[in-house]
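Spelled out, the chains give:
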Amino acid sequence: MRPSAFAASLNVARVAPGNLVSVIDRRGIIAVRSRAADQFVGRRMSDSFASLIAGRTEMVAPTKTLDNVPVLTAYSRSPRTDWAVVVSASRAELFASAQ
């Protein structure tokens, strides 16, 4: 299956409007990305993120996106396929009301 076909079936705007949603395959390659897909799909996730998720099936942590945006990231990996879904929300937007 081509990543573009998979991305079309994932209505990110409905699921997480304004957030970044990515799907990462078992090799750490970005298969789907809701923002700047043409720039990042097919690239490997960052080494720092790979180290952070190593050995975990789920996690929530402050991170930075590949385009250097500070975000709060939720990660969940399927034990069946080893593929993962990553949802990231801008920390600035999340915490704006607390300032």
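The structure under discussion appears in the preceding block.
Residues numbered from 1 in each chain as written. Predicted model: local features only at pLDDT ≥ 70, side-chain atom pairs only at ≥ 80, totals over all residues. Heavy atoms only, no water.

Some thoughts on the packing of aromatic side chains
Part 1: Enumeration according to the criterion identifies one aromatic pair in this entry.
Part 2: Ring centres of Phe 49 and Tyr 75 lie 6.0 Å apart, and the angle between their planes is 80°; on these two criteria the pair is classed as edge-to-face. Here Tyr 75 lies in strand S4 (residues 70-77) and Phe 49 lies in helix H4 (residues 47-53), a separation of 26 residues in the sequence.
Part 3: On the basis of relative accessibility, which here comes to 10%, the residue Phe 49 falls in the buried class.
Part 4: On the basis of relative accessibility, which here comes to 5%, the residue Tyr 75 falls in the buried class. (Phe/Tyr/Trp six-rings, centres within 6.5 Å; stacked < 30°, edge-to-face > 60°. Helix = DSSP H or I, 4+ residues; strand = E, 2+ residues; numbered from the N terminus. Buried < 20%, exposed > 50% of the residue type's maximum accessible area, 1.4 Å probe, protein only.)

Here we look at the sheet that holds strand S1 (residues 20-24)
Think of a sheet as strands paired side by side through backbone hydrogen bonds, with each pair either parallel or antiparallel.
Part 1: Strand order in the open sheet formed by five strands is S2-S1-S5-S4-S3, with antiparallel pairing between adjacent strands. Lying at the two open borders of the sheet, with one neighbouring strand each, are strand S2 (30-33) and strand S3 (58-64). Going across the sheet, the axis of each strand differs from the next one's by a mean of 20°, ignoring polarity.
Part 2: As paired strands, S3 and S4 are joined by seven bridges and run antiparallel to one another. Along S4, the bridge assignment pairs Met 59 with Tyr 75. (Pairing = 2+ DSSP bridges. Axes fitted to C-alpha atoms, helices over the stretch in contact; angles between N-to-C directions.)

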